Structures are given as C-alpha cells and as structure tokens.
Amino acid sequence: MLYRMENDSIGEKQVPIEAYYGIQTLRAYENFRITKEKIHPELVKALAEIKKAAAITNMDIELLNRKIGKAIVNACDDIIEGKLIEQFITDPIQGGAGTSMNMNINEVVANRAIEILDGKKGDYAIVHPNDHVNMGQSTNDVIPTGGKIATMRLLDNVLETLDNLVKVLFKKSKEFDHVIKMGRTQMQDAIPIRLGQEFRAYANAIKRDIIRIKRTKDDLKYVSIGATAIGTGLNADEKYVKNITPNLSKVTNIELIQCEDLVDGTQNLDAFAEVSSALKICAIDLSKICNDLRLLSSGPRTGIGEINLPPKQNGSSIMPGKINPVIPEVVNQVAFNIIGNDMTITMAVEAGQLELNAFEPVIYYNLFQSVETLNNGVNTLIDNCVGDITANEKRCKELVENSVGVITAICPHVGYKTSAKIAKTAISTGESVKELILKEGLLKEAELDIIFNPYNMTEPGISGKELLRK
C-alpha cells in the first residue's frame, strides 16, 4: 500500500494515499477500537449537510472563497448521496465529545474538495479541514446538531411502522369483537371480556406511544449550530450565526430552530433523554402486549389457548411438533435491550459537566440502536404474527361457561356475601354457578339467562336489574 505523510499537533503519520480521511481520523481509528462498528450513515449524512450549509453561509457572507466553497458543497453532495461512506472509519463510541467524528467529516470533505479542484489528497493548502470545512463551527455545535437531525429521520421510520401496527391491531379488534372470553386479573379468573376489546386496548396503547414520540421529535428541532465551543459563538461571524440555521433547514428540508440560549443548547442534552424515554415506554407497552400474546396462545392443550399464533418455525430440537411463540419472544428481547439503552443514555446525559457534555457518542450509539431495533421488531410483529392471529372461539366459550368469575354479575341481585358463598361452593364441588343458584332458589333460570348473557357483561351502563325490568 502506498502512503502520504500528514502531520498534526502530535506529530507525523502515514495515511493511505487513496484515503479521503486524514491523520486525525486515522489516530481515532487506532485509539478507539470499541464496538468495531462505524458511524451511523444517517449521522454521516447529517454531518455532511451541516458542512454544506456552513460553506453556503460562509460564502454568502464573503468569508469563504467561492471556488473553495463550491468544491466543499459538491463534496458534501457526494456524501449526502451515499458516496464515500466507507471513508467514515471512526468507532461510534469514542472519547473527545465527538471530535473524531467531526474531523472525519472535515477531512473527507476537504480531500474530496481538493480532488474536485484537481489537487492531490492531503494537500491542505488547497482546502483545509479546519480552516475551510470547519469554518465558523466547533465539534460542540456540529455533533449535537447532527445527532438531532439523524434522530429525527430515524424516528420518521419508526413512527410510520408503529402507525401500521395500530391499524393492524384495530383491524383485529373488529375481527374479534364477537368473541367472548374470560378476563383475568392477577392471573386469576375475573369477568368476561371480548377478545376485540383486548386488542383495541393494545392499539390505543401504541397510539399514545406515537403521540409521545412525535412530541419528542418536535423538541429535537431546536439546534445549537452557531454556538461553536461553549455557546458564546467564538470564531463565528455574527452574520453566520444568524443565517446558519435557516440555511441548514433548506439543505436538510427539516424545519430547524436555533436554540434561544446557545449556552444552554451546548451544555444540556435532555432532548435525547426525552426521546429515549419515549422509546422505552413504547418498548414496555410492546413487551406487555407480547407477554399477553404468549399467555393467551399458551398450550395448545394445557395452557390458556384462547388464540392461535401463526406457526413460524420448529420450536425444539428434541420435542417433535413443538411450536414456540418466537415472534413475541424476539420483541420482548428488543424491549429489554431498549430499556437497557435508556439507562445508558440517562447516565450519559446526566454526566455532562459545566459547559459541555462529552458523552454524545455513546448516546447516539444506543439511541440509534433503540430506534432501529424498535422499528425492526415492530415490523416483524406485524408481518409474522399479529396479522395472522386467529381466535380459538370454542375454547373461549368453554372457559367462560365453566368459570366462577361470572358470579360477579349476580352481586346486585343476591348480595356480595351470598355470591361469595356460591363461588366458594362452585370451586370446591365443581358445580356450575348457575346450577347452584337454581338449587338455592335465588333466581329463576330465565332471569339467569339475562344476567349471564356474556355480551351484556362486557359493556357498562346497563345494570342487571335494569335488564330484568326490560
């Protein structure tokens, strides 16, 4: 391999001659072998958009030579289009508050711009990574802004996917609306409920998650670009500070708003904690739903068995014919991971000190993973599970008819004490509640047929006595 020599404040180093990155990126690559992954492509794109907007702004205010500025813009466009992605080699978890990420984009843009101007990579007299590409900026306003832009775009995907899940759940709720089954509290028989009502409740929980996530997405629109190192705007022209955010909005096609207090915007990363929290709550809701699906489908002979999940793969290497609820299980695991990521993000946001939080790299690594795994988990739940769930109506009916839980419906007619006595006898003898009530002469069979109508027990507003009067 051929090399070129580059130098920085630490000394000289050989850089592969064809590399678009430079010495500072290479040092970071060698220092931070943590995840052995690379910067997320959405973050790379966002950083390129920031560099493009900065070059446009600096040209507009006549601080940046237009020939150099146009080459920078063209280089950024290449990266925005997905080119040169292999040149972003720094580990997503790194020390230095993201300086290595910022220099990676600065060096790649500079060397591509040099190439556009017919120079040789590494000839920074033509286009300099710091003086030209990073003009008017600091890692401390570039990286937070890039992270917010990338997160907003990733959230768009998961919001669309969650909306699809809501639609599928509401569709199943209508399909199952006629299916009467036993409701359960604390894993014990309670009173009848319609299977459709359970699925409708799942849909409404996810609807609330969508609202929460959208709210946090709106808060991400407030960016600190123009703040430079600590929010005071040192080394940034006043006109640049005024115009960079509107120009960045045009480049990204996202309505961005400059933070009212740029010092606050540099010090505090609570917006990322808010996003992570909303994702965590969504993960909790999804995991609870999947717990229910596993319980309701348990069996098929010895469990609850009220619903059937679509069979997706063999469930055992030793037990023939065993089918496991693998899709709900994987979504449970996605949820556990997101909850763990949220703890990491919480601690990283809290760990900021004085004028800067140095822990954005680990925040982004975990946050992007949470968004993407949530999106993928929900997609597999839709495609491989929820849409093909069927109701075991016969089983549901049997469990309702044999349950002692229906005793609750006769409380208004015979009182709690008498109802409890009948329930206790039914459990100990195996006789049905209806048989015992008729044996005791407490109510007539025609009255019990009205009171024990399962559908009536799943709707509020009409008491048993009113039904009897009708």
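Residue positions within a chain follow its written sequence, with the count starting from 1. Totals for whole chains, interfaces and linings use every residue, but because this is a predicted model, local features are given only for residues with pLDDT of at least 70 and side-chain atom pairs only at 80 or more, for both listing and counting. Hydrogens and water are ignored here; the side-chain numbers use all heavy atoms of the structure.

A. Representation of the overall build of the protein chain within the structure. Secondary structure elements follow DSSP: runs of H or I no shorter than four residues count as helices, runs of E no shorter than two count as strands, and numbering proceeds from the N terminus. Within the protein chain one finds 18 helices and 8 strands. Scaling as 2.2 N^0.38, a compact globule of 470 residues should have a C-alpha radius of gyration of about 23 Å, whereas the protein chain reaches 31 Å, well beyond that. Counting only C-alpha atoms, the protein chain reaches 100 × 55 × 35 Å along its principal axes. Classification of the 470 residues of the protein chain by burial places 51% in the buried group. Contact definition: two residues touch when any of their heavy atoms are within 4.5 Å. Sequence separation of at least 24 residues holds for 70% of the intrachain contacts in the protein chain that already meet a minimum separation of 6. The Shrake-Rupley method, run with a 1.4 Å probe sphere, supplies the accessible areas, and residue values consider only the shown protein chains as cover. For the protein chain, the exposed area adds up to about 22,800 Å²; of that, 50% sits on carbon and sulfur atoms. Charged side chains of the protein chain number 54 positive and 61 negative; the gap between the two group centres comes to 7 Å. It is over C-alpha atoms that the radius of gyration is taken, and the globule rule equals 2.2 Å times the number of residues to the power 0.38. The classification of residues rests on relative accessible area computed with a 1.4 Å probe and restricted to protein chains. Under 20% of the type maximum is buried, over 50% is exposed, and intermediate values are partly exposed. When charges are counted, Lys and Arg contribute as positive and Asp and Glu as negative, whereas His and the chain ends are disregarded. By convention, the point assigned to a charge is CZ for Arg, NZ for Lys, CD for Glu and CG for Asp.

B. Structural view of the environment of A278. Summarising the element assignment, A278 is placed in helix α10 (residues 270-296). The spacing of A278 and P454 is 176 residues in sequence and 38 Å in space, taken between C-alpha atoms. Beyond its immediate sequence surroundings of up to four residues, A278 is in contact with R212, I213 and T216.

C. View of the side chain of T216. As for its placement among the helices and strands, T216 is situated in helix α7 (residues 195-219). According to the relative accessible area criterion, T216 is buried, its value standing at 4%. Ignoring anything within four residues of it in the chain, the contact list for T216 reads L155, E274, V275 and A278.

D. Structural detail: the nonpolar core. What is meant by a nonpolar core is a set of buried Ala, Val, Leu, Ile, Met, Phe, Trp, Tyr and Cys residues, joined one to another through side-chain atoms within 4.5 Å. I72, I79, L165, L279, L286 and L381 are the most contacted members of the largest nonpolar core, which has 116 residues in total. The element best represented in this core is helix α6 (residues 139-175), accounting for 14 residues. When neighbours within four sequence positions are excluded, L279 is seen to be in contact with L155, I213, I338, L367, S370, V371 and L374. Judged by nonpolar contacts, the second largest core, of 16 residues, contains A409, I410, L436 and L448.

E. Broad picture of the pairing of strand β3 (residues 180-185). Two strands are said to pair when DSSP picks up at least two bridges between them. Pairing of β3 with strand β4 (residues 188-194) involves 5 bridges; the strand directions are antiparallel. Looking at the pairing, K181 lines up with I193 of β4. Once β3 ends, the chain turns through 2 residues before running back antiparallel as β4, passing Q186 with a positive phi of about 55°.

F. Up close: the packing of aromatic side chains. Pairing of aromatic side chains requires ring centres within 6.5 Å, counting the rings of Phe and Tyr and the six-membered ring of Trp. Pairs whose planes differ by under 30 degrees are stacked, by over 60 edge-to-face, and all others tilted. Per the stated rule, a full pass over the model turns up 4 aromatic pairs. Measuring from centroid to centroid gives 5.3 Å for F176 and F199, while their planes differ by 70°, and the two rings are edge-to-face. Note that F176 is positioned in the loop between α6 and β3 and F199 in helix α7, a separation of 23 residues in sequence. As far as the burial class goes, F176 and F199 line up, both buried. Here F272 and Y364 contribute two aromatic rings whose centre-to-centre distance is 5.3 Å and whose plane-to-plane angle is 65°, an arrangement assigned as edge-to-face. Remark: Y364 occurs in helix α12 (residues 360-384) and F272 occurs in helix α10; sequence separation between them is 92 residues. Accessibility assignment for this pair places F272 and Y364 in one class, buried.

G. Looking closely at the pattern of salt bridges. Counted as salt bridges are all cases of a side-chain nitrogen of Lys or Arg within 4 Å of a carboxyl oxygen of Asp or Glu. Applying the stated criterion across every chain yields a total of 23 salt bridges. As a salt-bridge pair, K13 and E30 come within 3.0 Å of each other at their nearest N and O atoms. In this pair, K13 is assigned in strand β2 (residues 12-16) and E30 in helix α1 (residues 23-31), connecting sequence segments 17 residues apart. Each of the salt bridges in this network shares a partner with another, and the network as a whole consists of E18, D78, E81, K83, R112, E115 and K121.

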